[in-house]
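The lines below spell out each chain.
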Amino acid sequence: MAVAACPVPGPRRCSTRHAAGRGSRQTGPMTSWFSNPAARRWTPADATGGARDFHRSLPGYAPSPLADLPALAEELGVGRVLVKDESSRLGLPAFKILGASWACRQVLDRFPGAELVTATDGNHGRAVARTARELGATATIFVPALMPASTSALVEGEGARVVRVEGDYDDAVRAAAHHATAADDRALVQDTAWEGYEDVPGWIVEGYRTMVEEVDEQLGRRPDLVAVPVGVGSLAQAVVSHYRTAPHSFQTTRVLSVEPDTAACLLASLRDGTPTSVPTAGTVMAGMNCGTVSALAWPVLRDGCDAAVAVTDEQALTASRDLRELGVSSGPCGAATLAGARAALDDPSRRADLALPPDAVVVLLSTEGLDAA
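Asker: Whenever I open this one, the overall build of the protein confuses me. Can you help?
Answerer: Summing up its helical and strand segments, the protein has 13 helices and 11 strands in all. When contacts within the protein are restricted to residue pairs at least 6 apart in sequence, long-range pairs at least 24 apart make up 73% of them. Summed over its atoms, the accessible surface of the protein is roughly 13,700 Å², and 52% of this surface lies on carbon and sulfur atoms.

Given below as C-alpha cells:
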C-alpha cells in the first residue's frame, strides 16, 4: 500500500527579511512586528472532525488548567491574564499529543500495522512515539543534528527508533518523507503540509482545536486576545480557524502569533505576502526552531492572524522564570507567549494595532512544561 505518496518539500527560499510592521512591504532591516487590521473580518471554511470526542475517550483525559494570574493582568494593563497550562497533557509535558494522537488514529485506521514516521524538534516526535506504542504500532523519528542528546533520549524512551539527520528541522522533514515513501508499510505523520500532503497535517490541526475549545468552556466566553507560539504554524492555524469560524465570525478575539527572532518564518512570510523560508539558528525555543511555514497553515494565518511578533531567547527565559514564580511550569516555547504579549502590549503603537478594550481578557497558550523535550 502507498502510505505516504507525497512530494518532499523542495529547496528552501532563504530570506533574512522579516516583517516591516503594520503591513508594510518595504525592504530593510529586520523588525519584529506585523499587524493585519482586516483579520477579524475574515471567515474560513468551517472545520469538521471528531477530535474532541476522541480525546475525551482517552484514559487520563481532562481539560488542562487555565491559571488566572492577576499580577500579569496588572503588569500588562488588562482585565485578566490567564495561562493555558499544557505542562501535563495526557501524561506528556506538552500539547503535541492532542494533534499526534488524533492523526495517528486516523492513519492507522486507514493503514493498519503501518510504521509511523515523522520529523521533530522534540515534542511532536515524542507524542507520535507515545501514541504509536499505545496503539501497538512502531515509530521512526527523524531529528535535526542540533537536537540535544537528552531530548532524543526522551523520544527513544517512548520506544521509537531515532534517526539523526545532518542539517536542520527542514532537512529532517525531507529525510522523514523520503523514508516514508520508500516502503508501502510506512506512513508519514508530519505536522507541516506541502502540496499533495495535506490530510495528515489537517488531522493534527483538528486535534489542536481541543485546546481552544476547552479555553472557551473554562472562561464561559471568548477571550479578547489569544497569544499562540508558532513553529510551522499548525497550532496557530487551529487557533485562528477556531476563532474565525461561524458562529465566531466577525467577533472580537484577536490572535497574536509569537516566534523566536532567529526562526521567524511566519513574520517573514506575512511581510513578503508569500511563504518565505528563513535560515534558522540555535534557540532555547527549540520546538519553534522552524524555517518554513506549513503550506496548510499559511493561507489561514495570512488572512486571519491579527498580529505577529518575534521575541529573543532572553525574553523567553525571563518569561519562563516569571511564570514559574507564579506557579506555572512553562518552558521557553510555552513562556514565549508571555514574552510576546509583553512585546506587543508594552509598545503603545502595537497596543493600538490590537485595539483591546480596557478590561480585556488575555489568554496565553503555554504549550510546554519546564521538563518538556
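Asker: Is there a simple way to think about the pattern of salt bridges in this case?
Answerer: Here the structure, examined in full by the defined rule, presents 21 salt bridges. Between Arg80 and Asp68 there is a salt bridge whose closest N-O contact spans 2.7 Å. Of this pair, Arg80 sits in strand 3 (residues 80-85) while Asp68 sits in strand 2 (residues 66-68), placing them 12 residues apart in sequence. Judged by relative accessible area, which is 36%, Asp68 ranks as partly exposed. Note that Arg186 and Glu115 form a salt bridge whose closest N and O atoms lie 3.5 Å from each other. Of this pair, Arg186 sits in strand 7 (residues 186-188) while Glu115 is found in strand 4 (residues 115-119), placing the two residues 71 residues apart along the sequence. Neither Arg186 nor Glu115 differs from the other in exposure class; each is buried. Here the salt bridges share partners, and the residues they tie into one network are Lys84, Glu86, Arg89 and Glu214.

Asker: Just checking my understanding: could you explain the environment of Leu72 for this structure?
Answerer: The topology assignment puts Leu72 in helix 2 (residues 70-76). The spacing of Leu72 and Val362 is 290 residues in sequence and 9.9 Å in space, taken between C-alpha atoms. Leaving out residues up to four positions away in the same chain, Leu72 has contacts with Val81, Leu323, Leu326, Leu338 and Arg342.

Asker: What am I meant to see in the nonpolar core here?
Answerer: What tends to happen in soluble globular proteins is that the nonpolar side chains get buried as a cluster. Grouped together as the largest cluster of nonpolar side chains are 85 residues, with contacts concentrated most on Leu116, Leu188, Val189, Val200, Val239, Val363 and Leu365. Looking at this core, the element that brings in the most residues is helix 7 (residues 199-219), giving nine residues. Apart from the residues within four sequence positions on either side, Leu116 is in contact with Cys104, Val107, Leu108, Val128, Ala132, Ala137, Thr138, Ala139, Thr140, Ala187 and Val189. Ranked by size, the runner-up nonpolar core spans 35 residues in total, among them Leu76, Ala319, Leu354 and Val362.

Asker: Where do I start with the sheet that holds strand 3 in this structure?
Answerer: As summarised here, the arrangement of the seven strands in space is 1-10-9-8-11-3-2, forming an open sheet in which the pairing is mixed. Edge positions in the sheet fall to strand 1 (33-35) and strand 2, since each of these pairs with one other strand and no more. When strand polarity is set aside, the average angle formed by the axes of neighbouring strands in this sheet is 20°. When strand 9 (residues 254-260) meets strand 10 (residues 307-311), the two strands line up parallel, connected through five bridges. Within strand 10, the position partnered with Ser257 by the bridge is Ala308.

Asker: Quick question: what am I supposed to make of the sheet that holds strand 4 here?
Answerer: Within a beta sheet, neighbouring strands are joined by backbone hydrogen bonds and run either parallel or antiparallel to one another. Strand order in the open sheet made by the four strands is 6-5-4-7, with parallel pairing throughout. One side of each edge strand has no neighbouring strand; the edge strands of this open sheet are strand 6 (161-165) and strand 7. On average, each strand axis in the sheet is tilted by 25° relative to the strand beside it, whichever way the strands run. Note: strand 5 (residues 139-144) against strand 6, five bridges, orientation parallel. If you follow Pro144 over to strand 6, its bridge partner there is Val165. The strands touched by helix 4 (residues 123-134) within the sheet are strand 4 and strand 5, with strand 4 carrying the most contacts at an inclination of about 170°.

Asker: So what exactly am I meant to see when it comes to helix 3 (residues 97-110) here?
Answerer: Relative to the 20 Å expected for 14 residues at 1.5 Å per residue, helix 3 spans 20 Å between its end C-alpha atoms, a close match to the ideal helical length. With 11 of 14 residues buried, helix 3 lies mostly within the body of the structure. Listed in full, the buried residues belonging to helix 3 are Ile97, Leu98, Gly99, Ala100, Ser101, Trp102, Ala103, Cys104, Gln106, Val107 and Leu108. Among the structural elements, helix 1 (51-57), strand 4, helix 4, strand 7 and helix 7 are those in contact with the buried residues of helix 3.

Rules of the game
Residues numbered from 1 in each chain as written. Predicted model: local features only at pLDDT ≥ 70, side-chain atom pairs only at ≥ 80, totals over all residues. Heavy atoms only, no water. Helix = DSSP H or I, 4+ residues; strand = E, 2+ residues; numbered from the N terminus. Contact = heavy atoms within 4.5 Å. Areas by Shrake-Rupley, 256 points an atom, 1.4 Å probe, with all protein chains shown as cover. Salt bridge = Lys/Arg side-chain N within 4 Å of Asp/Glu carboxyl O. Buried < 20%, exposed > 50% of the residue type's maximum accessible area, 1.4 Å probe, protein only. Core = buried A, V, L, I, M, F, W, Y, C linked by side-chain atoms within 4.5 Å. Pairing = 2+ DSSP bridges. Axes fitted to C-alpha atoms, helices over the stretch in contact; angles between N-to-C directions. Expected span 1.5 Å × (residues − 1).

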